[in-house]
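Commentary on secondary and tertiary structure
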Amino acid sequence: MNPSAGVPRITIAEAERYTGQSVRIAGWLYNLRKSGKIAFPLLRDGTGIIQCVAVKSALPEETFNAIRNLTQESSIIVSGKIRAEQRAPGGFEMDLEDIEVVQRVPEEHPYPITPKEHGIEFLMDHRHLWLRSRRQHAILKVRHEVIKAIRNFFDSNGFTLVDTPIFTPAACEGTTTLFEVDYFEDEKVYLTQSGQLYNEAAAMALGKVYCFGPTFRAEKSKTRRHLTEFWMVEPEMAYATLEDVKNLAEALVVFVVGRVLENRRQELEVLERDIAKLERIQAPFPRISYGQAIDILKSKGSEIEWGADFGNTDETILTEDQQRPLMVDRFPAGIKAFYFEPDSEHPEVVLGVDVLAPEGYGEIIGGGQRIHNLDLLVERLKAHNLPPEAFDWYLDLRRYGTVPHGGFGMGVERCVAWICGLEHVRETIGFPRMLYRTRP
Ligand code: 4AD
Ligand code: MG
């Protein structure tokens with residue numbers, strides 16, 4: 001007879017409620033310390049990690065040996081009594097009574113990721129397994145919290161979610177970063193770079209909308225901020241100006257960081273994030289113009305000239321000593337996409353805004369006010385060598401009840417990298433896609 005039959009199965013996260021009771025937990029062996037008479041298997045189950053204590057004298061020999069001989073990442077179901085233990089990680093331990101080994105990882109093919117240091121390429125090649133480690137687990141938990149907070153924010157502020165297509169017939173963010181796909185009958189389509197153009201249509205129907213999905217950029221940039229596939233949330237508002245867009249971006253960032261601090265403090269601690277720095281993320285964010293940013297950069301030794309786009313280093317210089325995100329607006333028209341509304345007082349600049357995260361993390365949000373005049377929009381399409389025919393439906397939005405409107409896009413991965421304090425965006429998504437990585 002199985003002695004653990006009838007014992008409730010719980011998760012490690014629920015251990016507190018079961019103090020003093022016998023329970024079962026299904027998971028994987030994270031680590032094992034042992035001596036002749038006692039073994040301490042560390043069990044993980046996706047909700048947490050708990051230390052188990054197996055005492056030789058208290059267990060059938062067969063059970064104790066099975067525990068002693070466990071290998072890393074073997075799948076096991078343990079039974080035992082939960083005991084509060086202040087010194088233990090998580091505050092609880094389990095006194096082991098029984099174990100069911102679902103699969104013992106054989107010695108001949110041991111789990112490839114060991115507690116020793118591995119190089120990043122090795123870890124990326126084993127991303128499917130690396131996700132089980134404590135740090136990666138914490139990052140994915142924070143990512144989930146960020147995504148949940150983003151949805152919460154928009155859902156409770158009058159925005160309607162409208163999903164935008166992934167196969168698109170035209171460019172939104174410039175023709176040099178399009179992934180082309182063979183569609184049917186010799187037709188070419190592109191993977192979306194942004195849902196913005198469709199959002200603009202949806203905003204004219206619903207007022208305030210957002211889309212949230214994967215976006216693609218064939219960017220040949222091998223930097224710590226670039227993925228070829230990333231997730232972007234894009235709100236769009238009818239009857240809105242650049243000022244409205246900036247206020248919305250500020251409120252979103254404050255809300256998202258606040259939620260992570262509220263619900264994912266433990267994970268931030270695992271990641272050794274300086275939490276005080278996140279606690280300072282409060283409105284108002286400093287706001288400067290592109291022109292002012294150029295002056296600051298020059299005063300700090302950059303060789304950038306008015307008219308040039310910021311490089312990663314420029315963004316780092318601008319934000320390294322900032323405690324809050326920095327909002328930079330009014331960029332030269334020449335370095336921005338075709339759809340930006342010109343500033344009526346200085347038509348050489350457009351009503352776009354970038355939000356740069358502090359601590360040198362760079363741009364996490366880009367957006368602004370869109371051109372709502374038909375003639376000007378057609379002129380700008382031509383100036384960008386974009387075929388107006390491909391944008392005919394988009395131009396309709398300026399033919400039928402056009403209004404000032406705007407929105408932005410926030411990249412989830414850059415946002416998570418900043419909040420978690422990571423070196424590189426590759427760790428912020430389950431399975432990153434980059435210039436030289438499409439596996440696993
Ligand atoms: O500044 P971007 O290109 O803006 C747009 O796509 C607009 N159409 C959005 C809008 O107004 N609706 O991209 C917005 C954000 C960036 O600030 C960054 O966070 C992220 O998307 N992003 C990337 N993240 C990872 N890898 C890349 N290659 C990225 N390119 C942009
Ligand atoms: Mg941008």
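Note: the structure precedes this text.
Attention here is on the structure that accompanies the text. Remember, predicted model here, so these are calculated numbers, not experimental data.

Before going further, it helps to spend a moment on the overall build of the chain. A count of helices and strands for the chain gives 13 helices and 16 strands. For the chain, the spread of C-alpha atoms along the three principal axes comes to 85 × 55 × 40 Å. Classification of the 440 residues of the chain by burial places 50% in the buried group. Once local pairs closer than 6 in sequence are excluded, the contacts in the chain between residues at least 24 apart make up 66%. A total accessible area of about 21000 Å² is found for the chain, and carbon and sulfur atoms account for 49% of it. Of the side-chain charges in the chain, 52 are positive and 64 negative, and the distance between the mean point of each set is 7 Å.

Attention now moves to the site of ligand 1. What surrounds ligand 1 is a group of 23 residues, the closest being E173, Q196, R217, E234 and E363. E173 is positioned such that a nitrogen or oxygen atom in its side chain is 2.6 Å from a nitrogen atom of ligand 1. In the environment of ligand 1, a nitrogen atom lies 2.7 Å from a nitrogen or oxygen atom belonging to the side chain of Q196. Notes on ligand 1: free accessible area 630 Å², of which the protein chains cover 94%. Top element by residues in the shell around ligand 1 is strand 15 (residues 362-369). It accounts for five residues. Residues belonging to the shell around ligand 1 are distributed by class as follows: seven nonpolar, eight polar and eight charged.

Scanning the model with the defined rule gives 33 salt bridges in all. The shortest N-O distance in the salt bridge between R287 and E250 comes to 3.5 Å. Of this pair, R287 sits in strand 12 (residues 287-289) while E250 sits in helix 6 (residues 242-263); the two residues are 37 residues apart in sequence, bridging distant segments of the chain. One network of salt bridges, with partners in common, ties together E243, K246, E250, R287, D329, R330 and D343.

Next up on the list: helix 9 (residues 290-299). Restricting attention to buried positions, one finds in helix 9 the residues Y290, A293, I294 and L297. Angularly, the buried residues of helix 9 cover 100 degrees about the axis, an arc narrow enough to put them on a single face. Counted as exposed and oriented over 90 degrees from the buried face of helix 9: D295 and S299. Turning to helix 9, the residues buried within the fold contact strand 12, helix 10 (312-319) and strand 13 (326-332). Following helix 9 by one or two positions, G301 has its phi on the positive side, about 95 degrees.

What follows concerns the sheet that holds strand 16 (residues 405-411). The eight strands lie next to each other as 6-10-11-16-15-14-13-12, forming an open sheet whose pairing is mixed. Pairing within the sheet leaves two strands with one partner each, and these edge strands are strand 6 (160-161) and strand 12. Pairing geometry for strand 14 (residues 349-357) and strand 15, over six bridges, is antiparallel. Bridge pairing links D354 to G366 in strand 15. Contacts from helix 6 reach strand 11 (229-238), strand 12, strand 13, strand 14, strand 15 and strand 16 within the one sheet, and its direction differs from that of strand 16 by about 30 degrees.

Relative orientation and spacing of two packed helices are given, respectively, by the angle between their axes and the distance between those axes. Viewed as axis vectors pointing N to C, helix 9 and helix 10 meet at an angle of 90 degrees, and their least axial separation amounts to 10 Å. Taken together, the axis directions place helix 9 and helix 10 in an arrangement best described as roughly perpendicular. Across the interface between the two elements, A293, I296 and L297 from helix 9 touch D314, I317 and L318 from helix 10. Residue classes in the contact of helix 9 with helix 10 are distributed as five nonpolar, no polar and one charged.

Further remarks concern a nonpolar patch on the surface. Side chains of F167, Y183 and F184 sit close together on the surface and give an oily, nonpolar patch of about 340 Å² of accessible area. Position of Y183 among the secondary structure elements: in the loop between strand 8 (180-182) and strand 9 (188-191). Relative accessible area serves as the criterion here: at 34%, Y183 is assigned to the partly exposed category.

Moving on, we come to the packing of aromatic side chains. Applying the stated criterion across every chain, the model contains 18 aromatic pairs. Centroid distance Y290 to W306: 5.7 Å. Interplanar angle 85 degrees. Geometry classified as edge-to-face. Of this pair, Y290 sits in helix 9 while W306 sits in the loop between helix 9 and helix 10, and the two are 16 residues apart along the sequence. Ring geometry for F338 and Y339: centres 5.4 Å apart, planes at 75 degrees, overall edge-to-face. Residue F338 is classed as buried on the basis of its relative accessible area, which comes to 2%. Accessibility expressed as a relative area gives 4% for Y339, which makes it buried. Taken together, the ring pairs in this structure connect Y198, F338, Y339, F340, F391, W393 and Y394 into an aromatic cluster. Geometry around Y361 places R224 over its ring, the cationic atom sitting 5.9 Å from the centre.

Rules behind the numbers
Along each chain, numbering runs from 1 in the same order as the chain's sequence is written. Each chain takes a letter, starting from A, and each ligand takes a number, starting from 1, following the order in which they are written. Only residues with pLDDT of at least 70 get local features here, since the model is predicted, and only at 80 or more are side-chain atom pairs given and counted; chain-wide, interface and lining totals rely on the full set of residues. With hydrogens and water excluded, all non-hydrogen atoms of the structure serve as input to the side-chain values. Helix and strand assignments follow DSSP, with helices taken as H or I runs no shorter than four residues and strands as E runs no shorter than two, numbered in order from the N terminus. Between buried and exposed lies partly exposed: a residue is buried under 20% and exposed over 50% of the maximum accessible area for its type, with that area taken using a 1.4 Å probe on protein chains only. Every residue pair with non-hydrogen atoms within 4.5 Å of one another is taken to be in contact. With residues, only the protein chains shown are counted as cover, and all accessible areas are computed by Shrake-Rupley using a 1.4 Å probe. When charges are counted, Lys and Arg contribute as positive and Asp and Glu as negative, whereas His and the chain ends are disregarded. To locate a charge, the coordinates of NZ of Lys, CZ of Arg, CG of Asp or CD of Glu are taken. Whether a residue is near a molecule or strand depends on its heavy atoms: if one lies within 4 Å, it is near. Polar contacts, as used here, are pairs of N or O atoms within 3.5 Å; protein pairs need one atom able to donate a hydrogen and one able to accept it. Residues neighboring in sequence count only if both atoms are side-chain atoms. Put simply, Ala, Val, Leu, Ile, Met, Phe, Trp, Tyr, Cys and Pro go in the nonpolar bin, Asp, Glu, Lys and Arg in the charged bin, and everything else, Gly too, in the polar bin. Any Lys or Arg side-chain nitrogen found within 4 Å of a carboxyl oxygen on Asp or Glu counts as a salt bridge. In this description, the arc belongs to the directions extending from the helix axis to the C-beta atoms. Any two strands are treated as partners once DSSP identifies two or more bridges connecting them. For helices, the axis comes from a line fit to the C-alpha atoms of the stretch in contact; other axes are also lines fit to C-alpha atoms, and the angle between any two N-to-C directions lies between 0 and 180 degrees. Here roughly perpendicular refers to angles of 65 to 115 degrees, roughly parallel to angles under 35, roughly antiparallel to angles over 145, and oblique to all remaining angles. Patch membership is restricted to residues that have no salt bridge and whose relative accessible area is over 30%. Joining uses 9 Å for like charges and 5 Å for the nonpolar side chains Val, Leu, Ile, Met, Phe, Trp and Tyr. The criterion for an aromatic pair is that two Phe, Tyr or Trp rings (for Trp, the six-membered ring) have centres within 6.5 Å, with stacked assigned to planes under 30 degrees apart, edge-to-face to planes over 60 apart and tilted to the rest. Sitting over a ring, as applied to charges here, requires NZ of Lys or CZ of Arg to be within 6 Å of the ring centre and within 35 degrees of the ring normal.

Worth remembering: the numbers are spatial, not functional.
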